[in-house]
Amino acid sequence: MDINPSRSHLWRTGPGGRGPVVYWMSRDQRVRDNWALLHAFALSVAHRVPLRVVFCLADGFLGAGLRHYAFMLTGLGEVAAGCAARGIRFELLRGDPGEKVAEYCREVDARAVVTDFDPLRVKQEWMRRVVAAVDADLYETDAHNVVPCRVASHKREYGARTLRPRIGRLLPEYLEDFPEVPEHPFAERGPGLELDVSTLLAGRGADSGVPLVTDILPGEQAAGAALREFIEMRLPGYAQGRNDPNAGMVSGLSPYFHFGQLAPQRAVLSVMAARQEVGGENVDAFVEEAVVRRELSDNFCLYCPDYDRFEGLPDWGKRTLAAHAGDRREYTYDRETFARGLTHSGLWNAAQAQLRETGRMHGYMRMYWAKKILEWSPDPRQALETAVWLNDRYALDGRDPNGYVGVLWSVGGLHDRPWTERPVYGQVRYMNERGCRRKFDVEAYIRTWLPPDGPSAGPAPRS
Ligand SMILES: Cc1cc2nc3c(=O)[nH]c(=O)nc-3n(C[C@H](O)[C@H](O)[C@H](O)COP(=O)(O)OP(=O)(O)OC[C@H]3O[C@@H](n4cnc5c(N)ncnc54)[C@H](O)[C@@H]3O)c2cc1C
């Protein structure tokens, strides 16, 4: 099994023990199409030892609630079964991953450790602690980006225009098909771990105000089916239709990407294979979003540890927002009012209702939604905190580099340029409801998400 070694970063070397190779699964929660698992598999075969896959369930991960745990744990149930079918033991640990994974690796006398790449502070911090505590080779393998994030660039990129050519040059090397994960030659037999998802969820207590999401199935198989459905039904109109929140032409794949139940590389390979039938402009538009834009978010979070804070904004964005922090706001709301969708704007409340009820919101509405939080918050720092909090709490794909970048783009001009100066926004790009009305049928959108007799109908929208 040949794995391009530049997908992996060797964090430390050590003699290692006599036990299995451990793959500490974290961001990429799937068996197939997973470079980190493939790398760990190849290492374990080379060392003639079994492979263990461990996942550590952290409590209260970045504001995740039952909605997110339910989606994730159901997917992990499928991972456990997929591992067992190949003679690979899957273990679920609970607690602080920085401590528990290190303990586990010592206990089983790990020969070597592999984990998947995640640029978020919390994972990098856990990893540093495991690196310090385990005396074995420890690799971090990028299973999330087509072009590994550390290879694509060694620094924070200015924007899509500087990352795009780098990715374009490297794509032919990295956009290769995945080998299958065969039965392990040093299999560990015995009953596979069956995840009792309902008991695990019951142990997490109630999560008021954030209903479970039932209209999107979790797991690798469901992700594959969603990808096939997108390619067949919506990809042919993607380039034209993706900016209309009523058209439903987007892929809807972000929850699967976020929980690692679908490899973005698999999605890109499948979309590219359909070029003849669906038309080049649709394929190119998808690759721009799923590769360039998505990988730009990982680049930003890796090289800017303030990725979710005011300090992470570009200098011009910080300057212009600070200069307008004292401007009079026509409306101001606290985060509970935003959360309940009780602003004066029917359109905004409808977007928030969609997010609260379904865990999703159309990408165009996400921009509008976050910009209005800037406009209607007492100051830009609070706006940023509110938008991050709402996105992480309600969005199924929240707590993701794309979310932090999306919020900083909307509120503070990250990866954007200065525009004409105006109150509150300063030189940050402005959006208003009139612009939405030019793009799509706003009334239809409001009717869909705020039925007139619904609980959060709020006051009539202003045009
Ligand atoms: C305020 C705000 C918050 C956001 N929060 C999140 C979030 O929490 N999680 C998240 O995954 N995305 C987030 N985005 C980015 C984008 O809106 C979503 O990725 C997209 O709406 C997901 O729907 P889809 O899978 O149908 O996208 P599609 O249009 O089908 O795009 C395919 C894939 O490309 C990637 N992509 C699309 N648009 C962007 C973008 N602007 N930036 C980076 N990658 C992109 C995503 O991985 C997406 O799944 C946010 C954007 C904004 C403005």
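Quantities reported herein were computed from a predicted structural model and do not represent experimental measurements.

Points about the overall build of the chain
Counting its secondary structure elements, the chain contains 21 helices and 6 strands. In terms of C-alpha radius of gyration, the chain reaches 23 Å, essentially the compact-globule figure of 23 Å for 463 residues. Projected onto its principal axes, the C-alpha coordinates of the chain cover approximately 70 × 50 × 45 Å. Partitioning the contacts of the chain with sequence separation of at least 6, the portion at a separation of at least 24 is 80%. For the chain, the accessible area works out to roughly 19200 Å², and carbon and sulfur atoms hold 50% of it. In the chain, 59 positive and 61 negative side-chain charges are present, and the distance between their average locations comes to 4 Å.

Some thoughts on the domain arrangement of the chain
When its domains are assigned, the chain resolves into domain 1 (1-143), domain 2 (144-179 + 219-304) and domain 3 (310-449). Using C-alpha coordinates to define each centre, domain 2 is positioned 24 Å away from domain 3. Contact residues are listed per partner, giving 22 residues for domain 2 and 22 residues for domain 3. Carbon and sulfur atoms make up 62% of the area that domain 2 and domain 3 hide from each other, which totals about 1700 Å².

What about the packing of aromatic side chains?
Counted under the stated rule, the structure contains 16 aromatic pairs. Taken together, a centroid distance of 6.3 Å and an interplanar angle of 10° make the contact between Tyr-331 and Tyr-333 stacked. Between Tyr-333 and Phe-338 the ring centres are 5.6 Å apart and the planes differ by 75°, which places this aromatic pair in the edge-to-face class. The pair Tyr-333 / Phe-338 is uniform in exposure class, with both members buried. Among the aromatic residues, those joined into a ring-pair cluster are Tyr-331, Tyr-333, Phe-338, Trp-348, Trp-369 and Trp-376.

Let's talk about the pattern of salt bridges
The final tally for this structure, using the stated rule, is 33 salt bridges. For Arg-12, the salt bridge goes to Asp-135, with nearest N and O atoms at 2.7 Å. With Arg-12 in strand E1 (residues 8-15) and Asp-135 in the loop between helix H4 (121-133) and strand E6 (136-141), the pair connects residues that are 123 residues apart, well separated along the chain. With relative accessibility at 49%, the residue Asp-135 sits in the partly exposed group. Shared partners join several salt bridges into a network, and the residues in it are Arg-52, Arg-89, Glu-91 and Glu-188.

Focus: the environment of Ile-446
Mapped onto the fold, Ile-446 is located in helix H21 (residues 442-449). Given a relative accessible area of 8%, Ile-446 falls into the buried group. Spatially, the C-alpha atoms of Ile-446 and Thr-320 are 33 Å apart, while their sequence positions differ by 126 residues.

Thoughts on the site of the ligand
Looking at the ligand, there are 26 residues lining it, with Tyr-238, Ser-251, Gly-252, Asn-391 and Asp-397 nearest. Separating a nitrogen atom of the ligand from a side-chain N or O atom of Glu-289 is a distance of 3.2 Å. Between the ligand and the protein, one listed contact pairs an oxygen atom with a side-chain N or O atom of Asn-391 at 2.9 Å. When the free accessible area of the ligand is taken as 830 Å², the share hidden by the protein chains comes to 89%. Mapped by element, the contributors of at least two residues to the shell around the ligand are helix H10 (254-258), helix H13 (280-303), helix H17 (363-375) and helix H19 (401-412). Considering each element in turn, the shell around the ligand owes the most residues, 6 residues, to H13.

Overview of helix H11 (residues 264-273)
Burial within H11 is extensive, with 7 of its 10 residues counted as buried. Buried within H11 we find Pro-264, Gln-265, Arg-266, Ala-267, Val-268, Leu-269 and Val-271. Where H11 is buried, its residues touch helix H1 (35-47), helix H6 (160-174), helix H8 (220-234), H10, helix H12 (275-278) and H13.

A few points about the sheet that holds E6
Spatially, 6 strands are ordered E1-E6-E5-E2-E3-E4 in an open sheet, and the strand pairing comes out mixed. Strands at the two margins of the open sheet, each flanked by one partner only, are E1 and strand E4 (89-94). Neighbouring strand axes in the sheet, compared pairwise and without regard to direction, differ in orientation by 20° on average. Pairing analysis gives 6 bridges linking strand E3 (residues 51-57) to E4, with the strands arranged parallel. The residue of E4 that forms the bridge with Cys-56 is Leu-93. Each of strand E2 (21-25), E3 and E4 touches helix H2 (residues 66-84); the most contacted strand, E3, lies at about 170° to it.

Some remarks on the pairing of E6
In terms of residue burial, E6 counts as a mostly covered element, since 5 of its 6 residues are buried. Pairing of E1 with E6, which is carried by 5 bridges, proceeds in the antiparallel orientation. If you follow Arg-12 over to E6, its bridge partner there is Leu-138. Note that strand E5 (residues 112-116) and E6 share 5 bridges and pair parallel. Bridge pairing in E6 places Val-113 opposite Leu-138. On the question of chirality, the crossover connecting E5 to the parallel E6 by way of H4 is right-handed.

Conventions we followed
Residues numbered from 1 in each chain as written. Predicted model: local features only at pLDDT ≥ 70, side-chain atom pairs only at ≥ 80, totals over all residues. Heavy atoms only, no water. Helix = DSSP H or I, 4+ residues; strand = E, 2+ residues; numbered from the N terminus. Rg over C-alpha atoms; globule rule 2.2 N^0.38 Å. Contact = heavy atoms within 4.5 Å. Areas by Shrake-Rupley, 256 points an atom, 1.4 Å probe, with all protein chains shown as cover. Lys, Arg positive; Asp, Glu negative; His and termini not counted. Charge placed at Lys NZ, Arg CZ, Asp CG, Glu CD. Domains from an automatic or database assignment. Buried area = accessible area lost by both parts, 1.4 Å probe. Phe/Tyr/Trp six-rings, centres within 6.5 Å; stacked < 30°, edge-to-face > 60°. Buried < 20%, exposed > 50% of the residue type's maximum accessible area, 1.4 Å probe, protein only. Salt bridge = Lys/Arg side-chain N within 4 Å of Asp/Glu carboxyl O. Near = heavy atom within 4 Å. Polar contact = N/O pair within 3.5 Å; in protein donor to acceptor, adjacent residues only side chain to side chain. Pairing = 2+ DSSP bridges. Axes fitted to C-alpha atoms, helices over the stretch in contact; angles between N-to-C directions. Right-handed = clockwise from strand over helix to strand, strands pointing away.

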